[in-house]
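Descriptive structure summary
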Amino acid sequence: MDKRSDQLHIYFLPMMAPGHMIPLVDIARQFARHGVKATIITTPLNASKFSKTIQRDREMGSDISIRTVKFPCKEAGLPEGCENIASTTSTLMYLNFIKGLSLFQNPIEQFLEEDHPDCLIAAPQFSWAVDVATKLDIPRLAFNGSGFFPLCALHSLMEHKPHLKVESEMEEFVIPGLPDTIKMSRQKLSEHLMDEKDTPVTAIVKDIMRAETTSYGAIVNSFYEMEPNYVKHSREVVGRKVWHVGPISLCNKDKSQRGQDSSFCEQKCLDWLDTKEPKSVIYICFGSMAVFSSAQLLEIAMALEASNQQFIWVVTQTTINEEQNEWIPEGFEEKLNLNGRGLIIKGWAPQVLILDHEAIGGFVTHCGWNSLLEGVSAGVPMVTWPLSAEQFFNDKLLVEILKIGVPVGAEAWSNRTDSTVPINRKDIERAVTKLMVGQEAEEMRGRAAALGKLAKRAVEKGGSSHNSLISLLEQLRNAKITSN
Ligand code: UDP
């Protein structure tokens, strides 16, 4: 393809974690459909997860490609092949992984010098990218994979520190200055907010925050109609230039093969769902990183059995050192096969494909930002079961602001080596029943369906996210013309 002089060339540098790579690769593909030359930079192992999709886009005429850089596992103190955050199994490995990202600087700086793209869209974990982009005079936009509400809530906590003024982990406080009255407690927050002095984790977080705030602006996978007050708050109070381009999962026709191979169960899921009544099945999945103890998995199994609801359950890994199948009650799977009430997926599920099936009536989620948006896009209400990170903010958005969530009652972070049972079967059964049965469930379903329609409208031509993307591209084109 001829290189047109007015064609924008944008580099995309996603954090190597499924919840970051999936949306940023989708965003790169969407930019390419708008005429941008898109280059995605990642490691060979991560590239292999979406190279076929990119090849298909190229065949359809998109100017999109992948450049790979070897991840320096050994130098970073990680086992060979540990190229994704989802493969880390301890805090030390996680810290090594983040530190290892700095070893990318030289090769990527070289790419940038060679190509001199018109913009770099990078995860803030690559904090050095801000300095490199400034040095080379390339506008840099941050993409942190989260939404406006969690961004505003975190900003307020860092600014006002209300959590340091309460006396216990459980005592509630209001997050100051937000458009809604949102209460939090310390046990729902990341430890780095508690530390006044520098620890290895706080140092990393501060560096990430610096990268975010010193960027030209940020791209957010969200849409205006879902959190209008927080789009305004981000611009007016937090003071960020932001462009909302989501829900990005709605921009692709191909809903399967996102992030990892799920072909082993796609047809089985669809065939099974086709036999069910509309809105009669619950989908249960806790994202790409969650780890539960065997005891906790058993509680979920017993609750599903007692609830009498039909379900598809994606079973995540069990806590480190536990056998994958140890928790399954005798005869549980056989019974499901016989009565057709449930399907268990052990592995990577085709989440968007499942959520979009008309038989799905509810979603039990850990409130990862992508899952939240995918649930909203499919127009389904959710049981909220936050586990860590900004998921406790996302829970508030679903339950208290959008009013399409039933909390399971998760009150504190759970960690990856936890062998306890934070949520018991009665609580799970209560939440699932409330989600699927009765007047309140009907009302929630109505609100979720209405929001789902707005989500679809946002990414169509003339919709809010579509317009926001066009306006960003216009600004970048103008900047390119001015600098030439
Ligand atoms: N996902 C999937 N199949 C799975 C598990 C996860 O397709 O079995 C996708 C899901 O659709 C979402 C992403 O992985 O796009 C998970 O991102 P999220 O922000 O929800 O959670 P995280 O994994 O970052 O905690």
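Residues numbered from 1 in each chain as written. Predicted model: local features only at pLDDT ≥ 70, side-chain atom pairs only at ≥ 80, totals over all residues. Heavy atoms only, no water.

For the protein, an unreviewed UniProt entry supplies the name Glycosyltransferase and the organism Solanum verrucosum. Quoted straight from UniProt, the Sequence similarities (unreviewed entry) entry for the protein says "Belongs to the UDP-glycosyltransferase family." (UniProt positions renumbered as here; feature names shortened; annotations may be inferred.)

What to know about the pattern of salt bridges
Note on pairing: side chains with opposite charge can pair once their charged atoms come close. Enumeration according to the criterion identifies 22 salt bridges in this entry. Where Glu305 meets Lys335, a salt bridge forms, and the shortest distance between an N and an O atom there is 3.4 Å. Linking Glu305 in helix H11 (residues 294-307) with Lys335 in helix H12 (residues 332-339), this pair joins segments that are 30 residues apart in sequence. Of the residues examined, Lys335 reaches a relative accessible area of 41% and is grouped as partly exposed. Salt bridges sharing common partners tie together Asp26, Arg29, Arg56, Asp57, Asp254, Arg258 and Glu374. (Salt bridge = Lys/Arg side-chain N within 4 Å of Asp/Glu carboxyl O. Helix = DSSP H or I, 4+ residues; strand = E, 2+ residues; numbered from the N terminus. Buried < 20%, exposed > 50% of the residue type's maximum accessible area, 1.4 Å probe, protein only.)

Remarks on the site of the ligand
Neighbouring the ligand are 18 residues; Ser288, Ala349, Asn370, Ser371 and Glu374 lie closest to it. With respect to the ligand, the side chain of Gln351 contributes an N or O atom lying 3.3 Å from an oxygen atom. Between the ligand and the protein, one listed contact pairs an oxygen atom with a backbone N or O atom of Trp369 at 3.4 Å. For the ligand, the accessible surface in isolation is 540 Å², of which the surrounding protein chains cover 93%. Secondary structure elements with two or more residues in the shell around the ligand: helix H1 (18-33) and helix H14 (369-378). At four residues, the largest contribution of residues to the shell around the ligand is made by H14. Of the residues in the shell around the ligand, the class split is seven nonpolar, nine polar and two charged. (Near = heavy atom within 4 Å. Polar contact = N/O pair within 3.5 Å; in protein donor to acceptor, adjacent residues only side chain to side chain. Areas by Shrake-Rupley, 256 points an atom, 1.4 Å probe, with all protein chains shown as cover. Nonpolar A, V, L, I, M, F, W, Y, C, P; charged D, E, K, R; others polar.)

What about the sheet that holds strand S1 (residues 9-13)?
What the seven strands build is an open sheet, ordered S3-S2-S1-S4-S5-S8-S9; its pairing is parallel. Pairing within the sheet leaves two strands with one partner each, and these edge strands are strand S3 (64-68) and strand S9 (242-244). For this sheet, the mean angle separating the axes of adjacent strands, direction not counted, is 25°. Here two bridges tie strand S5 (residues 140-142) to strand S8 (residues 217-220), and the two strands are oriented parallel to one another. For Ala142, the partnering residue across the bridge sits in S8 and is Ala218. Its contacts with the sheet place helix H3 (residues 51-59) against strand S2 (37-42) and S3, and it is angled at close to 145° to S3. Docked against the sheet, helix H18 (residues 464-483) engages S1, strand S4 (119-122), S5, S8 and S9, running at close to 135° with respect to S9. (Pairing = 2+ DSSP bridges. Axes fitted to C-alpha atoms, helices over the stretch in contact; angles between N-to-C directions. Contact = heavy atoms within 4.5 Å.)

A closer look at the environment of Ser288
On the secondary structure map, Ser288 appears in the loop between strand S10 (281-285) and H11. If we ignore the near neighbours within four places in the chain, the residues touching Ser288 are Pro18, Gly19, Ala86 and Trp348.

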